[in-house]
Amino acid sequence: MTQVTVEDLFKANQSKLQLELIAGKEGLKNFIRKPRIQKSSLALAGYTAHIDPSKIQFLGETEISYLLSLTPEGREQRLNQFSESMIPCFFVTKGLGVPEELVRVCDHKKIPVLRSPLFSSHCVKRITSYLEEALAHRITRSGVLVDVYGVGIMILGKSGIGKSECALDLIDRGHRLVADDTVMIKKKDMETLVGNCHDMTSHHMEIRGLGVINIKDLYGVSSIQQEKEIDLVVELVEWKASESFDRLGLEERSFEIMDVMKPFLRMPVTPGRNMALIMEVAARNYLLKSSGHFSARLFEKKLIQEIQSRHEETDD
């Protein structure tokens, strides 16, 4: 399971959110496992049944005001009861004063208390965005990722089939390289997959017979891209006369990556076949389909109408 420590969160956002650590320093290694925050109002009022120990607990003006309305003994009792859930940390917004009972309980239970002078809405937006990125499910897959006309195409195929050569031809045509050989993929939400490259191999490609080349140095900064959403998956396969391939384009296939289905094409490779040009057409066709224009289906519809028309003329 992907997880982030409170210390990771603190260091990554300390400058932008002007964070300070108020209490619970020994709990900085506590894990945050979910990107959403949880407001602590009901729990502070005594209803702790739905406290999520994997989420940050936010204390805004309402929560702090409620705590200050209690007696010191009442505050400590409620906070002790709350902290039994082993939450990762408290986050106080608007630079509000922190009751000494909260400091004492959190130091004892090793629960960090972070404070920002900024408004809750700004803090929630920033923290949620950071955690969604940091906690995104990630895998690594062999392949090449390129940006063609704004379409993220992930090229698959066995070693030596020509994935990198195809990508190099696309780059020479003005398109962008994201990753070669190994693509690091993260799942941002239920439908979005974003691919990037490992820092060590960033901007580089391996071309058999030529070696490792630096695309950024050869073609300029406009030829590379740090990350790109994966829109289309294309597998390069060896041409076999005995194997049938989709010739009309009516068949819509999908490729599953981390439970996300993406449009999928199988492209036969033969000597002399311009795969880069075909990739460009695949990208253009994807854009047409996304706008509601399905060329193959329109062709099929016209063909059926023509057949029906001729059949009616024969009957007459």
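Shown above is the structure to which this text applies.
The structure contained in this document is the topic of the report that follows. These numbers come from a predicted model, not from an experiment. (Residues numbered from 1 in each chain as written. Predicted model: local features only at pLDDT ≥ 70, side-chain atom pairs only at ≥ 80, totals over all residues. Heavy atoms only, no water.)

A few words on the pattern of salt bridges. Side-chain pairing between opposite charges can occur once the charged atoms of the two side chains come close. Per the stated rule, a full pass over the model turns up 18 salt bridges. We note a salt bridge from Arg 104 to Glu 76, for which the minimum N-O separation is 2.8 Å. Of this pair, Arg 104 sits in helix H5 (residues 100-109) while Glu 76 is found in helix H4 (residues 72-83), placing the two residues 28 residues apart along the sequence. Judged by its relative accessible area of 40%, Arg 104 falls in the partly exposed class. One network of salt bridges, with partners in common, ties together Glu 133, Arg 138, Lys 186 and Glu 227. (Salt bridge = Lys/Arg side-chain N within 4 Å of Asp/Glu carboxyl O. Helix = DSSP H or I, 4+ residues; strand = E, 2+ residues; numbered from the N terminus. Buried < 20%, exposed > 50% of the residue type's maximum accessible area, 1.4 Å probe, protein only.)

Regular strands place side chains that alternate from one sheet face to the opposite one. Where strand E8 (residues 137-142) meets strand E12 (residues 182-187), six bridges bridge the pair, whose relative direction is antiparallel. Looking across to E12, one finds that His 137 is bridged to Lys 187. As paired elements, E12 and strand E13 (residues 193-196) share four bridges and run antiparallel to each other. The partner of Lys 187 across the bridge, within E13, is Leu 193. (Pairing = 2+ DSSP bridges.)

Moving on, we come to the sheet that holds strand E6 (residues 90-92). Adjacent strands of a sheet form backbone hydrogen bonds with each other and so pair up, either parallel or antiparallel. Sheet architecture is open: five strands sit in the order E2-E7-E6-E5-E4, paired in mixed fashion. Each end of this open sheet is capped by a strand with a single partner; those strands are strand E2 (20-23) and strand E4 (38-39). Here E4 runs beside strand E5 (residues 57-59); their pairing, made up of two bridges, is parallel. Along E5, the bridge assignment pairs Gln 38 with Gln 57. The strands that helix H1 (residues 6-17) touches are E2, E6 and strand E7 (113-115); relative to E7, the one it contacts most, it runs at about 15°. Across the face of the sheet, helix H6 (residues 120-134) comes into contact with E5 and E6 while running at roughly 160° to E5. (Contact = heavy atoms within 4.5 Å. Axes fitted to C-alpha atoms, helices over the stretch in contact; angles between N-to-C directions.)

Taken together, Phe 299, Leu 303 and Ile 307 make up a surface patch of nonpolar side chains, about 310 Å² in accessible area. With respect to the secondary-structure elements, Phe 299 resides in helix H10 (residues 295-315). (Patch = residues over 30% accessible without salt bridge, like charges linked within 9 Å, V, L, I, M, F, W, Y side chains within 5 Å. Areas by Shrake-Rupley, 256 points an atom, 1.4 Å probe, with all protein chains shown as cover.)

Under the defined criterion, the tally for this structure stands at zero disulfides. Cys 89 supplies the cysteine sulfur nearest to Cys 106, a cysteine that is in no disulfide, at a spacing of 9.5 Å. In this structure Cys 166 is not part of a disulfide, and its nearest cysteine sulfur, from Cys 197, lies 17 Å away. (Disulfide = S-S within 2.5 Å.)

For the rest of this paragraph, the subject is the sheet that holds strand E10 (residues 151-156). Taking strand neighbours across the sheet as the criterion, the six strands line up as E11-E9-E10-E17-E19-E18 in an open arrangement whose pairing is mixed. Every other strand in the sheet has two partners, leaving strand E11 (176-179) and strand E18 (253-257) as the edge strands with one partner each. Strand-to-strand twist of the sheet, defined as the mean angle between neighbouring strand axes without regard to direction, takes the value 35°. Pairing of strand E9 (residues 144-148) with E11 involves three bridges; the strand directions are antiparallel. Bridge pairing links Val 146 to Leu 177 in E11. Lying on the sheet, helix H9 (residues 275-290) is in contact with E9, E10, strand E17 (232-238) and strand E19 (260-269); it crosses E19 at an angle near 150°.

So, about the environment of Arg 126. Assignment of secondary structure puts Arg 126 in helix H6. When the C-alpha atoms of Arg 126 and Leu 303 are compared, they prove to be 54 Å apart, with 177 residues separating the residues in sequence. For Arg 126, the residues in contact, after removing those within four places along its chain, are Ala 12, Asn 13, Lys 16 and Leu 17.

Taking 1.5 Å per residue as the helical rise, H6 with its 15 residues ought to reach 21 Å, and the 21 Å between its terminal C-alpha atoms agrees with that figure. Next to the buried residues of H6 lie strand E1 (4-5), H1, strand E3 (31-32), E5 and E6. (Expected span 1.5 Å × (residues − 1).)

With that settled, the discussion passes to the nonpolar core. Ranked by size, the top nonpolar core spans 27 residues in total, and within it Val 146, Ile 153, Ile 155, Met 205, Ile 215, Leu 236 and Met 279 carry the most contacts. Looking at this core, the elements that each hand over two or more residues are E9, E10, helix H7 (163-172), strand E14 (204-207), E17 and H9. Setting aside anything within four residues of it in sequence, one finds Met 279 in contact with Val 148, Ile 153, Ile 155, Cys 166, Leu 170, Val 234 and Leu 236. (Core = buried A, V, L, I, M, F, W, Y, C linked by side-chain atoms within 4.5 Å.)

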